[in-house]
Amino acid sequence: MTSSNTLTVIDNRTATKYDLPIENGTIRAMDLRKIKSGPDDFGLMTYDPAFMNTASCRSSITFIDGERGILRYRGYPIEVLAEHCTFLEVAYLLLFGDLPTPDELKTWVNDITHHTMLHETTKRFMEGFRYDAHPMAMLVSTVAALSTIYPEAKDIHDPANRLLQIKRLIGKMPSISAMSYRHSLGFPYVYPDNDLSYPENFMNMLWKMVEPKYAANPVIARALDILFILHADHEQNCSTSTMRSVGSAHTDPYLTTAAAAAALAGPLHGGANEAVLGMLDEIGSKENVPAYVKKVKEGHGKLMGFGHRVYKNYDPRAKIIKWTAERVFAVTGRNPKLEIALELERIALEDEYFVSRKLYPNVDFYSGIMYQAMGFRPEMFTALFAIPRAAGWLAQWQEMITDPEQKIARPRQVYTGQELRQFIPMDKRARALHAKIA
Ligand code: ACO
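Residues numbered from 1 in each chain as written. Predicted model: local features only at pLDDT ≥ 70, side-chain atom pairs only at ≥ 80, totals over all residues. Heavy atoms only, no water.

Another aspect to go through is the site of the ligand. In the vicinity of the ligand, 20 residues are found, and the nearest of them are His-269, Lys-302, Leu-303, Gly-305 and Arg-309. Between His-269 and the ligand, the recorded distance is 2.8 Å, taken from a side-chain N or O atom to an oxygen atom. In this structure, an oxygen atom belonging to the ligand sits 2.8 Å away from a main-chain N or O atom of Gly-305. The residue inventory of the shell around the ligand, partitioned by class, reads 11 nonpolar, five polar and four charged. (Near = heavy atom within 4 Å. Polar contact = N/O pair within 3.5 Å; in protein donor to acceptor, adjacent residues only side chain to side chain. Nonpolar A, V, L, I, M, F, W, Y, C, P; charged D, E, K, R; others polar.)

In structure tokens:
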């Protein structure tokens, strides 16, 4: 008798019936390989451009229910973590699976704090960038350059060695981001201050001028920490998949993290927060919102900060950001762009085009407005995203490295090119032969 937990497939080419096991709502793509039209057939594959319906791994780190707008790290709702935890506590949770005890947290914070310094050659490396270099390009390149400082990071199979590199990366991400920011302003670099918390130290490295000791505004520091928590992980998004894919080649964690950060830089992913500000600038005022929305609906551009591959309800992170923004604005004053953003959200959420496509504000819609009110320039926004996401990337990388089912990531393709062709000597080639090469 056929088990009820199977999928029965009949190949009409051969009238053969196959029973494929169903596990966790999936069938194994490799089970399709035995479905062949004849002995020389390679076997069936799935075709899934952009991985719309393919699970590439098992993961116990982050759970998302996109239909219901739920996000949990290791089982804890994002709202609870944002209210009660610090970012470093959450980074520990992502990496080790449980919230730290007070002693574990003390050691963890101490370890991260003692890995915030950059080697002086790294500082000199960053000085070589042009004055107007984009902070994300500087971040990607500098994280990759850390591979030259820590060659032992190649030993990815030693758990203690892996943990050391993880601590270094989480410790150094704010230092590199802050240096890239200071570089673009022509200000001298500020070294880390171990007395300060993770977000306060980041603020210190960004904004300390001539005062002997930097005193961070507690509301801004807490808001930054909450933003870090919200951005720490998001299961198999584009940059995390890049982390797993590049890491599957056993590349060291610095080069792998740089690759993930490069994916994050794109405007359809983490770069959207910077693009949102550009869009709000272009709209200019509340009155221009309807005309802008009309333009988008006619196919001219997208509403940046709207839509998500997984969330087809409200992005729960956007809700927390909106709530945190009010506290920040109480200190910094309201960002005038908020009015435009609120109007844009209001109009879009009443519009059939956006409603039918389930397009809601995502995490990037309000984060940029808040970052700008805090004093960041838009070019810096994506680097602010990369700092906490490094913890998620590294947790996912570690899970991938220790998963016995994982191998080097290597998708298949459906070849659509020429069959075997006859070589044409140079003097016989006509221009028309090349016309199709694009
Ligand atoms: N504005 C207008 N229309 C949109 C938008 C948008 N922001 N997003 C999607 N649509 C439309 C598409 O044109 C498509 O319409 P169609 O069915 O008529 O062709 C439909 O909605 C479905 O969109 P897809 O592009 O198929 O959705 P996909 O899951 O591939 O893309 C993505 C998701 C990339 C986030 C997309 O919504 C987008 O480009 N948004 C703007 C950029 C952005 O905010 N990115 C940040 C995402 S969050 C993050 O990465 C941290």
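Between helix H5 (residues 135-149) and helix H6 (residues 159-185), whose axes approach to 9 Å, the crossing angle comes to 135°. Looking at the two axes, H5 sits oblique to H6. Classified by chirality, the crossing of H6 by H5 is right-handed. The segment H5 lies against H6, with Pro-135, Met-138, Leu-139, Thr-142, Val-143 and Leu-146 engaging Leu-169, Lys-172, Met-173, Ile-176, Ser-177, Ser-180 and His-183. (Axes fitted to C-alpha atoms, helices over the stretch in contact; angles between N-to-C directions. Helix = DSSP H or I, 4+ residues; strand = E, 2+ residues; numbered from the N terminus. Parallel < 35°, antiparallel > 145°, perpendicular 65-115°, else oblique. Left-handed = near helix turned anticlockwise from the far one by under 90°. Contact = heavy atoms within 4.5 Å.)

Helix packing geometry: the angle between the two helix axes and the distance between the axes. Contact geometry of helix H13 (residues 316-332) with helix H16 (residues 363-374) gives a least axis separation of 9 Å together with a crossing angle of 15°. Considering their axes alone, H13 and H16 lie roughly parallel with respect to each other. When you trace H13 past H16, the crossing you get is left-handed. Residue-level contacts link Arg-317, Ala-318, Ile-321, Lys-322, Thr-324, Ala-325, Val-328, Phe-329 and Thr-332 of H13 to Val-363, Tyr-366, Ser-367, Ile-369, Met-370, Ala-373 and Met-374 of H16. Its residues assigned to classes, the contact of H13 with H16 shows 11 nonpolar, three polar and two charged.

On to helix H9 (residues 238-247), then. All buried positions along H9 are accounted for by Ser-239, Thr-240, Thr-242, Met-243, Arg-244 and Gly-247. In this structure, the buried residues of H9 make contact with helix H10 (253-264) and helix H17 (381-401). (Buried < 20%, exposed > 50% of the residue type's maximum accessible area, 1.4 Å probe, protein only.)

A few words on the side chain of Ser-248. Summarising the element assignment, Ser-248 is placed in the loop between H9 and H10. What makes Ser-248 buried here is its relative accessible area of 6%. In contact with Ser-248, other than residues within four places in its own chain, are Met-400, Lys-407, Ile-408 and Ala-409.

Further remarks concern the pairing of strand E2 (residues 16-21). Each regular strand carries side chains that alternate between the two faces of the sheet. Across six bridges, strand E1 (residues 6-11) lies against E2 in antiparallel orientation. Bridge pairing links Ile-10 to Lys-17 in E2. The turn linking E1 back onto E2 is made up of four residues, and Ala-15 within it adopts a positive phi angle of 60°. (Pairing = 2+ DSSP bridges.)

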